Amino acid sequence: MANQTLIPAGDYRTSYAADTTIFPTPASRNAAIVGIVLVCFAPLVFNEYWLSILIQIGIFGIAALGLNILVGFTGQISIGHAAFFLFGAFTSAYISNTLPIPVFFAIPLAGVAVPASANPFTIFGYTLRGDRQYFYVVLAYVLVSYLLVTNLMRTRDGRALVAVRDHYLSAEIMGINLTKYRTLSFGLAAFFAGISGALYAHYQLVVSNEGFGIDRSIIFLAMVIIGGTGSIMGTLMGTAFVVLLPESMEWISASLKGSAIDHALQLNNNLTFLREIAIGLIIIAFLMFEPDGLAHRWLRIKTYWKLYPFSH
């Protein structure tokens, strides 16, 4: 008897809405709901260190999501994404410090420049402090951002962006305004980068332009490539991979401490450079061996186990 969580053989979708549904099966919808509920219990399970890692994944995941709209869905390229991230951080810090606007509204306004201080996140007069409280702020913005982009790709404008990516001449012949949709994709990328930058500012409580040069833009691009260009789920997977990479390298360095490899490479002294080298090598490896990213590999694995033992 076939597993009822699978889509039955044949095409039983009788409307466009059914064909573009977010969750193709009830099992996938229920799994997403259970996953979100479990994530909500993270502050009760993890310590401050791992919560800070999860917060970074959420903040940078929103920035990478905006870049994926530009690179993955529209076929454009940008190596200045970190500038919009930093601009959003400064804008939100300036708005919340100089104007009578709560931080809750300053963050989305930052989507639409000198070191600056940012106020803690406040909502209805209640200040959220510490990783355990700010985690829920980031989680809320992540859910809303990813839901908005998921639904955008199901609309006429979303299909137009994909058409521009696939073949811009054919898209123009069909009446799609190339300038409009290319500009729209850049605007959406900057918008989500600004929101993530604002979240970062109110998490760190101080903003500086150090560490947000072209190298940060390349890291954002690596998140998209590793996760899978044109994949919303892959964006978060790629972000988690890149954020956890330095932690993994530190763990490997500690494990090899005192060994011949440690003496040859001087891991403690060259760990920063090795991280940069690793990012470059991983990007090249994914482009050569897994161009569709982690999202494609996850779908292949999931399909294999669903059809096992008849996976051929």
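In what follows, the structure referred to is the one given above.
Residues numbered from 1 in each chain as written. Predicted model: local features only at pLDDT ≥ 70, side-chain atom pairs only at ≥ 80, totals over all residues. Heavy atoms only, no water.

### Digging into the pattern of salt bridges
- Scanning the entire structure with this criterion turns up three salt bridges.
- Here Glu48 ties to Arg132 by a salt bridge, and the two come within 3.3 Å at their closest N and O atoms.
- For the salt bridge of Arg297 with Glu290, the shortest nitrogen-to-oxygen distance reads 2.7 Å.
- Under the relative-accessibility criterion, Glu290 is labelled buried at 13%. (Salt bridge = Lys/Arg side-chain N within 4 Å of Asp/Glu carboxyl O. Buried < 20%, exposed > 50% of the residue type's maximum accessible area, 1.4 Å probe, protein only.)

### Observations concerning a nonpolar patch on the surface
- A contiguous nonpolar surface patch, about 950 Å² in accessible area, is contributed by Ile33, Val37, Phe41, Leu44, Val45, Phe46, Tyr49, Trp50, Leu54 and Leu244.
- Broken down by secondary-structure element, the contributors of at least two residues to the nonpolar patch are α2 (26-40), α3 (42-45) and α4 (48-73).
- Among the elements that line the nonpolar patch, the one with the most residues is α4, at three residues.
- One can find Val37 in helix α2. (Patch = residues over 30% accessible without salt bridge, like charges linked within 9 Å, V, L, I, M, F, W, Y side chains within 5 Å. Areas by Shrake-Rupley, 256 points an atom, 1.4 Å probe, with all protein chains shown as cover. Helix = DSSP H or I, 4+ residues; strand = E, 2+ residues; numbered from the N terminus.)

### A look at the side chain of Ser217
- With respect to the element layout, Ser217 can be found in helix α11 (residues 214-227).
- In terms of polar contacts, Ser217 uses its side chain to reach the backbone carbonyl oxygen of Ile79, at 3.2 Å.
- Setting aside residues up to four positions removed in sequence, Ser217 forms contacts with Ile79, Gly80, His81 and Ala82. (Polar contact = N/O pair within 3.5 Å; in protein donor to acceptor, adjacent residues only side chain to side chain. Contact = heavy atoms within 4.5 Å.)

### Some details on the side chain of Thr150
- As for its placement among the helices and strands, Thr150 is situated in helix α7 (residues 130-152).
- Filtering out sequence-adjacent residues up to four positions away, Thr150 remains in contact with Ile22 and Ile232.

### Considering the packing of α11 against helix α12 (residues 232-255)
- Contact geometry for α11 and α12: axes closest at 7 Å, N-to-C directions at 125°. By the angle between their directions, the pair α11 and α12 is classed as oblique. For the element pair α11 and α12, the recorded crossing hand is right-handed. Touching Ile219, Ala222, Met223, Ile226 and Gly227 of α11 are Gly234, Thr235, Gly238, Thr239, Phe241, Val242 and Val243, all from α12.
- Considering only residue class, the contact of α11 with α12 consists of seven nonpolar, five polar and no charged. (Axes fitted to C-alpha atoms, helices over the stretch in contact; angles between N-to-C directions. Parallel < 35°, antiparallel > 145°, perpendicular 65-115°, else oblique. Left-handed = near helix turned anticlockwise from the far one by under 90°. Nonpolar A, V, L, I, M, F, W, Y, C, P; charged D, E, K, R; others polar.)

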